[in-house]
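Results of the structural survey
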There are 2 protein chains.
Amino acid sequence: MTETAWHEELRAKGYRVTPQRQLVLEAVKTLGHGTPEEICAKVRQTARGVNISTVYRTLELLEELGMVTHTHLNHVAPTYHLAAEADHVHLVCRGCGEVSEVRPEMADGLVKGLEEELGFVADVRHLTVFGRCRGCRVA
Amino acid sequence: MTETAWHEELRAKGYRVTPQRQLVLEAVKTLGHGTPEEICAKVRQTARGVNISTVYRTLELLEELGMVTHTHLNHVAPTYHLAAEADHVHLVCRGCGEVSEVRPEMADGLVKGLEEELGFVADVRHLTVFGRCRGCRVA
DNA sequence: ATTCTTGCAAACAATTTGCAAAGAC
DNA sequence: GTCTTTGCAAATTGTTTGCAAGAAT
């Protein structure tokens, strides 16, 4: 999606292009992963201020537009990331808390099984696997 | 685990067997799945009253003892269930919100892949797959 | 009798909402 | 100028904590 493409999309739906919305999207892009709070903090590094409630409202809007998605990597707050770059499965290590990503094909067997056996279409992009990474397995 | 077995276990660790603890465990067992709030409501159907904070404290204790586990099926509240019956993968339908369970072997390919490729040991019992069930796929 | 547990209310954290002022079109 | 969006503060919701009274051992 080009820079102007989503501006068009916003306008087409009667929404407006505001600096806040651009800043939030930019922050999500730079952070890769981020909770609303983290995204808010990131935005504040560059711009003077964006209210936390605006961040929430913007993330909701961006999600509705399909530009970002979120997963629940921890119990406290949801984590947002670009939908375009969301084509991966999340791995969260219970030992060190490290979050990593792996190719979605990794889950192909599971996806195919669910589809064939139950007619359930899995959204791999929202898939998070908890466990222990190599380093934390021994410790 | 027999009825008395976990009573012994509680006492062995210096904890006490109280009606509240038995009621909460019973509620989790009957509900299958439940948020702290739902569990509290269930308990109140039979007994006069258990405070919500006691439910939280009890679930924390039961989890520590390995009798229950929890997953995050929605953004709002965690869902608790019996650890003994937790050997399954959760499916959550985005359409109707229905929560179902499937055999953990379904994820064998994924688990094996992560293990072999990254040395990551996945905890399948905490795995939740989001998507759309057969019924909601068309609608 | 001792020590763990509970209930209650207050403290907290994350998120949402109402509304007037500011901004995009 | 019209209608959306923002900021702010207050309201909600989910969860935790301090402490005195109550219960299990």
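Taking an unreviewed UniProt entry as the reference, chain A is identified by name as Fur family transcriptional regulator belonging to Nonomuraea roseola. According to the UniProt record, the Sequence similarities (unreviewed entry) comment for chain A is "Belongs to the Fur family."

Focus: the relation of the copies chain B and chain A
Screw-axis analysis of chain B against chain A gives a translation of 0.1 Å along the axis, an RMSD of 0.4 Å, and a rotation angle of 178°. One copy is carried onto the other by what is essentially a two-fold rotation axis. Using C-alpha coordinates, one finds that chain B approaches the rotation axis most closely at Gly109 of chain B, a distance of 2.7 Å. Of all interface residues in chain B, 97% are interface residues in chain A too; the two copies therefore contact each other through one and the same surface.

A look at the protein's contact with DNA strand D
Taken together, 23 residues lie around DNA strand D, and Arg21, Thr54 and Arg57 of chain A together with Tyr56 and Pro78 of chain B are the ones closest in. Atoms of DNA strand D within 4 Å of the protein: sugar and phosphate make up 72%, bases the balance. Note that a phosphate oxygen of DNA strand D is positioned 3.4 Å from one of the backbone N or O atoms of Val17 of chain B. When contributions to the surface near DNA strand D are tallied by element, the ones reaching two or more residues are helix H2 (19-31) and helix H4 (52-64) of chain A together with helix H4 (52-64) of chain B. Here the surface near DNA strand D is built from residues that sort into nine nonpolar, eight polar and six charged.

Describing the nonpolar core
Ranked by internal contacts, the top residues of the largest apolar core, which has 28 residues, are Leu114 and Val129 of chain A together with Leu110, Leu114, Leu127 and Val129 of chain B. Broken down by secondary-structure element, the contributors of at least two residues to this core are strand S3 (89-93) and helix H5 (108-118) of chain A together with strand S3 (89-93) and helix H5 (108-118) of chain B. For Val129 of chain A, the residues in contact, after removing those within four places along its chain, are Val89, His90, Leu91 and Val92 of chain A together with Leu110, Leu114, Phe120, Ala122 and Leu127 of chain B.

What about the pairing of strand S4 (residues 99-102) of chain B?
All names here are of chain B. Pairing of S3 with S4 involves four bridges; the strand directions are antiparallel. Within S4, the position partnered with Val89 by the bridge is Val102. Counting the residues in the hairpin turn of S3 and S4 gives five residues, including Gly97, whose phi is positive at 80°.

Brief notes about the environment of Val121 of chain A
Residues and elements named next belong to chain A. For Val121, the position within the fold is in strand S5 (residues 121-122). On the basis of relative accessibility, which here comes to 32%, the residue Val121 falls in the partly exposed class. Measuring from C-alpha to C-alpha, the distance between Val121 and Leu61 comes to 24 Å, with 60 residues separating the pair along the chain.

Some words on helix H2 (residues 19-31) of chain B
Residue and element names in this part refer to chain B. Along its 13 residues, H2 runs 18 Å from first to last C-alpha, staying within 8% of the 18 Å computed at 1.5 Å per residue. Every buried residue of H2 is accounted for by Val24, Leu25, Ala27 and Val28. Buried residues in H2, looked at end-on, bunch into an arc of 155°, giving them a common side. Pointing more than 90 degrees away from the buried face of H2 are the exposed residues Pro19 and Thr30. Directly after H2, the chain includes Gly32, whose backbone phi takes a positive value near 85°.

Definitions and cut-offs
- Residues numbered from 1 in each chain as written.
- Chains lettered and ligands numbered in written order.
- Predicted model: local features only at pLDDT ≥ 70, side-chain atom pairs only at ≥ 80, totals over all residues.
- Heavy atoms only, no water.
- UniProt positions renumbered as here; feature names shortened; annotations may be inferred.
- Least-squares fit on C-alpha atoms with pLDDT ≥ 70 in both.
- Contact = heavy atoms within 4.5 Å.
- Near = heavy atom within 4 Å.
- Polar contact = N/O pair within 3.5 Å; in protein donor to acceptor, adjacent residues only side chain to side chain.
- Helix = DSSP H or I, 4+ residues; strand = E, 2+ residues; numbered from the N terminus.
- Nonpolar A, V, L, I, M, F, W, Y, C, P; charged D, E, K, R; others polar.
- Core = buried A, V, L, I, M, F, W, Y, C linked by side-chain atoms within 4.5 Å.
- Buried < 20%, exposed > 50% of the residue type's maximum accessible area, 1.4 Å probe, protein only.
- Pairing = 2+ DSSP bridges.
- Expected span 1.5 Å × (residues − 1).
- Arc of directions from axis to C-beta.

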